[in-house]
Amino acid sequence: MKQLLSGNQALARGAWEAGVAVAAGYPGTPSTEILETLAPMPGVYAEWSPNEKVALDVAIGAAYAGQRAMAVMKHVGLNVAADALFYAAMTGLEAGLVIAVADDPGMHSSQGEQDSRRYAKFARVPCLEPSDSQEAKKMVGLAFALSEAFDTPVMVRLTTRISHSSSLVTLGPDRPLEANSTPRPYRIDAPKYVMVPAYARQRHPVMEERIVRLAEYANTLEVNRLEWGDRRLGIVSCGVAYQYAREVFPGASFLRLGMTYPIPARLVAEFAQGVERLIVLEELDPFLEEEIRLLGIPCEGKSIFPAVGEFTPEQVRDCAQRAGLLPVSPEPRAAPIANLPPRPPVLCPGCPHRPVYITLRKLKVVVNGDIGCYTLGFAPPLSAVHSTGCMGASIGVAHGVAKAGITQKNVAVIGDSTFLHAGIPALLNIAYNGGKTVTIILDNRTTAMTGHQDHPGTGHTLQGQPAPPVHLETLVRALGIRYVATVDPYDLETLERTLRAYLEIDEPAVLIASRPCALLPEVRFKRAPMAVRAEACLGCGLCLSLGCPALSQSATHQAQNGRPVAEIDPLLCAGCGICQQLCPAQAVSPQEGEEVRR
Amino acid sequence: MMRANFLVAGVGGQGTLLAADLIALAGVAAGLDVKKSEVHGMAQRGGSVISQVRWAEEVFSPLIPQGEVDYLLAFERLEALRYTHWLRPGGVALINDYRIPPLVVSAGLMPYPGEEVQAAAFASANRVLVPAMALAQQAGSARVNNVVLIGALARFLPIGATVWEEVIRRRVPERTTAMNLEAFHQGWAYIDERGLGWNGA
């Protein structure tokens, strides 16, 4: 029976059917659900590692030990793991190693939209790209087989639209429970696995020769497919772009590449000779286009279709019409309604990050921020995050800003999961090099943005085992920081007093603002919602400067000054009480007897 | 063979993902090829979110081309306006009669679009405002307003209610099954009582 599975779910199922024994990753949209799906499957060890580099090292180790292994990450996670990718490409493995990477064309949830195929070529590892969920399941099995046949890591590249689209999948047989359960002796082979210069010099030619053999083998792969139709137009495509090609150019000829690195030279040449006009349709970089040109075959690609952003079917159609590939549509498409109020993502009602940001805004400090929900503090009316780059960047950047010297004070702001991912060495650096920067760890006890994954501070592992939760204060002190305090961000007065004190001392300090994410089941809807007494409200708008979705101007106006009074949506309010503490007229208080309404 | 494109629009946290799941699973149960596409991650934090579902004999693109949406299911009135241009002429818009002001509106910086804007926006489509919050409360909780809208949508499609009921039973937590089934029937009846929906032709 066929099941409706997302690309991520299907990839996890395929890895399980293929006998993956060890899988590791770090949460990152759009890749997160791969490990979440795999973790409960029998016979698999799966973990959230603190970061992607550790995850890939773990997977490499498992493959060195002779078990099929997989590392899972988003595209920018592969930057973190790049060091490991390159040595694994040099050493090869004892059993299959798959690196599942999910790119994010369009940057739905990312700071960039880099094309991971460049890494495949950079490290000389093959890259497979599914076009739907069924292929995601199939290709991960193919990836393990190729990895073992050619002694190389294999990348399976997904994109947001493949990861988060669901389509029908025919499942393979459940794998036998005893698969991969027997330990094997660790095979000692220093020239292959110890990458000192003398041995590495021997491995580099192996790697280069291997990719040549893979390119030849690519001509025979079933996932690289010629589909002859009308020979006037030939389209080379891959991934989800292939689906848009099928939608927009019915009847054309297609060369669907399931392996996008290395490309199959003979198939491409045969296709090019068989069609009048050769077009490459691929999201992001002109990767296939460049590879095809390197074969000496002329083609068109990014001169017609954009190299930035995510494709949409109508955009592909518009570009094709402009390039004369399709007749022009007689009627223009309807336009969107102009000037609608925008609705960007915002910090949730009750978010424990909000009080930290209003305090920082009040103290007029420069905030070097980081990656997570709390990045949303950049937006008005909070406007309290002034730089964001990559995981863990806040602390190093803040230290650099302070060492360069500015006229204001500055702080680093970083989440708990992000601190454990890449913040620790940067904080160690501040302590070691005489920095004085204040670092604020927003400790909401989870990896919130990606949907509440566990991390080394939460007390649980991905597979639900209890784990010793790292004690942030102790960890920070061990790095050499003497001033450390944990405060409840819902306590505005203590938060501000502590932060003011830390900004004045002549030493580095760490403020841990600790309070669980307001969406976690154990705290959600547990507090009574707040209500505004309209007759007491001054209409001053101070509460509206919180940027809380539960607060708005009501239709009622204040009798003396005519200003609109505030109101609170009881369905949205989480009862954090920050607006209550802020209100100069004591017009906000909890609604009695409302705890159980939700 | 039936084909239909569905766009589900709402505010992050409103239950659009479940609604899209139900539409997709109903299509599968009806023997169709189905693709569903959605957004996770940052956009879900109180921002505009959409999910898309396509039913056909064979679906290629998981994204619906603009102008080819047959059914727009909107969980909030402003979010319905954002996607009017995705509807095909004569398409159906089922809209929860509910307003969630975005921050620029609650801060008094922009007005929430008035009724005249909303009516004009759907001039070439069939717009049905559904009091889904009130109907959901009758079913037991305002939170099942998403399934009220599914019930309203189902009345427009030539698939029997029993198929939808089975899909709901499979998909929602067991302790909420009865409430969700009641919500489905509230939505179905709302359309039925007005003589709208599929007439068997």
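All values reported here derive from a predicted model rather than from experimental measurement. (Residues numbered from 1 in each chain as written. Chains lettered and ligands numbered in written order. Predicted model: local features only at pLDDT ≥ 70, side-chain atom pairs only at ≥ 80, totals over all residues. Heavy atoms only, no water.)

(A) Quick peek at the overall build of chain B. Looking only at helices and strands, chain B features eight helices and six strands. Sequence-ordered secondary structure for chain B, helices as α and strands as β, is β-α-β-β-β-α-β-α-α-β-α-α-α-α. Computed over the C-alpha atoms, the radius of gyration of chain B is 16 Å, within 12% of the 17 Å expected from 2.2 N^0.38 for a compact globule of 201 residues. In terms of overall dimensions, chain B has a C-alpha envelope of 50 × 40 × 35 Å along the principal axes. Counting all 201 residues of chain B, 62% fall into the buried class. Excluding contacts between residues fewer than 6 apart, the proportion of contacts in chain B whose partners are at least 24 apart in sequence is 66%. Between the mean site of the 17 positive side-chain charges and the mean site of the 18 negative ones, chain B shows a separation of 3 Å. (Helix = DSSP H or I, 4+ residues; strand = E, 2+ residues; numbered from the N terminus. Rg over C-alpha atoms; globule rule 2.2 N^0.38 Å. Buried < 20%, exposed > 50% of the residue type's maximum accessible area, 1.4 Å probe, protein only. Contact = heavy atoms within 4.5 Å. Lys, Arg positive; Asp, Glu negative; His and termini not counted. Charge placed at Lys NZ, Arg CZ, Asp CG, Glu CD.)

(B) View of the domain arrangement of chain A. Taken as a whole, chain A is organised into domain 1 (2-218), domain 2 (225-322), domain 3 (353-514) and domain 4 (530-590). Placing a centre on the C-alpha atoms of domain 2 of chain A and another on those of domain 4 of chain A gives a separation of 56 Å. (Domains from an automatic or database assignment.)

(C) Quick look at the interface of chain A and chain B. On the chain B side, the residues contacting the 59 residues of chain A number 52 residues. The largest per-residue losses of area from chain A upon contact with chain B belong to A:Glu247, A:Pro341 and A:Arg343, which jointly make up 18% of the total buried on that side. Summed over the shared surface of chain A and chain B, the result is four salt bridges. Here A:Arg317 ties to B:Glu68 by a salt bridge, and the two come within 3.5 Å at their closest N and O atoms. For the side of chain A that touches chain B, the secondary-structure elements that each account for two or more residues are β8 (165-170), α10 (239-248), α13 (313-322) and β20 (551-557) of chain A. The element contributing the most residues to the side of chain A that touches chain B is α10(A), with five residues. Per-class residue counts for the side of chain A that touches chain B are 30 nonpolar, 16 polar and 13 charged. Where β8(A) meets strand β2 (residues 33-37) of chain B, three bridges bridge the pair, whose relative direction is antiparallel. (Buried area = accessible area lost by both parts, 1.4 Å probe. Salt bridge = Lys/Arg side-chain N within 4 Å of Asp/Glu carboxyl O. Nonpolar A, V, L, I, M, F, W, Y, C, P; charged D, E, K, R; others polar. Pairing = 2+ DSSP bridges.)

(D) Highlighting the state of the cysteines. Residues and elements named next belong to chain A. Scanning the entire structure with this criterion turns up zero disulfides over all chains. Cys576 takes part in no disulfide bond, and the closest cysteine sulfur, belonging to Cys579, lies 6.1 Å away. Residue class for Cys576 comes out buried when judged on its relative accessible area of 15%. (Disulfide = S-S within 2.5 Å.)

(E) Representation of the pairing of strand β4 (residues 69-74) of chain B. All names here are of chain B. With six of six residues buried, β4 lies mostly within the body of the structure. For β4 and strand β5 (residues 87-96), the ladder comprises five bridges, and the chain directions are parallel. Bridged to Leu72 within β5 is Ala93. This β-α-β element, β4 to helix α2 (residues 77-82) to β5, shows right-handed connectivity. (Right-handed = clockwise from strand over helix to strand, strands pointing away.)

(F) Structural context of the sheet that holds strand β17 (residues 483-487) of chain A. Residues and elements named next belong to chain A. Read across the sheet, five strands follow the order β14-β15-β16-β18-β17 without closing on themselves; strand pairing throughout is parallel. Looking at which strands have only one partner, the edges of the open sheet turn out to be β14 (366-368) and β17. Across the sheet, the mean angle from the axis of one strand to that of its neighbour is 25°, orientation sign disregarded. Here helix α15 (residues 393-404) sits on the sheet and contacts β14, β15 (410-415) and β16 (438-443); the angle it forms with β15, its principal contact strand, is near 175°. Helix α16 (residues 416-432) contacts β15, β16 and β18 (509-514) of the sheet and is inclined by roughly 145° relative to β15. (Axes fitted to C-alpha atoms, helices over the stretch in contact; angles between N-to-C directions.)

(G) Representation of the packing of helix α14 (residues 353-363) of chain A against helix α18 (residues 492-504) of chain A. All names here are of chain A. Taken N-terminus to C-terminus, the directions of α14 and α18 make an angle of 50°; their axes are 10 Å apart at the nearest point. Taken as axis vectors, α14 and α18 run oblique relative to one another. Relative to α18, α14 is oriented so that their crossing is right-handed. Packed against α14, whose contacting residues are Pro355, Val356, Ile358, Thr359, Leu360, Lys362 and Leu363, the element α18 presents Leu492, Leu495, Glu496, Leu499, Arg500 and Leu503 at the interface. Residues that form the contact of α14 with α18 fall into these classes: nine nonpolar, one polar and three charged. (Parallel < 35°, antiparallel > 145°, perpendicular 65-115°, else oblique. Left-handed = near helix turned anticlockwise from the far one by under 90°.)

(H) Summary view of the pairing of strand β21 (residues 564-568) of chain A. Bridge count between β20(A) and β21(A): four bridges; the pairing is antiparallel. Each residue of the ladder has a partner; that of A:His557, found in β21(A), is A:Pro564.

(I) Seen up close, the pattern of salt bridges. This structure, assessed with the given rule, holds 53 salt bridges over all chains. Between B:Arg171 and B:Asp21 there is a salt bridge, with the nearest N and O atoms lying 2.8 Å from each other. Taken together, the residues B:Arg171 in helix α7 (residues 161-171) and B:Asp21 in helix α1 (residues 16-29) connect sequence positions 150 residues apart. Salt bridges linked by common partners bring A:Asp103, A:Asp115, A:Arg117, A:Glu129, A:Arg157 and A:Glu282 together as one network.

(J) How the structure looks around α16(A). Of all the bends in α16(A), the greatest reaches close to 70° and is centred on A:Gly423; the proline A:Pro425 follows between one and four positions later. In the stretch just after α16(A), A:Gly434 is the one whose phi turns positive, near 70°. (Bend = angle between axes of the 7 residues up to and from the residue.)

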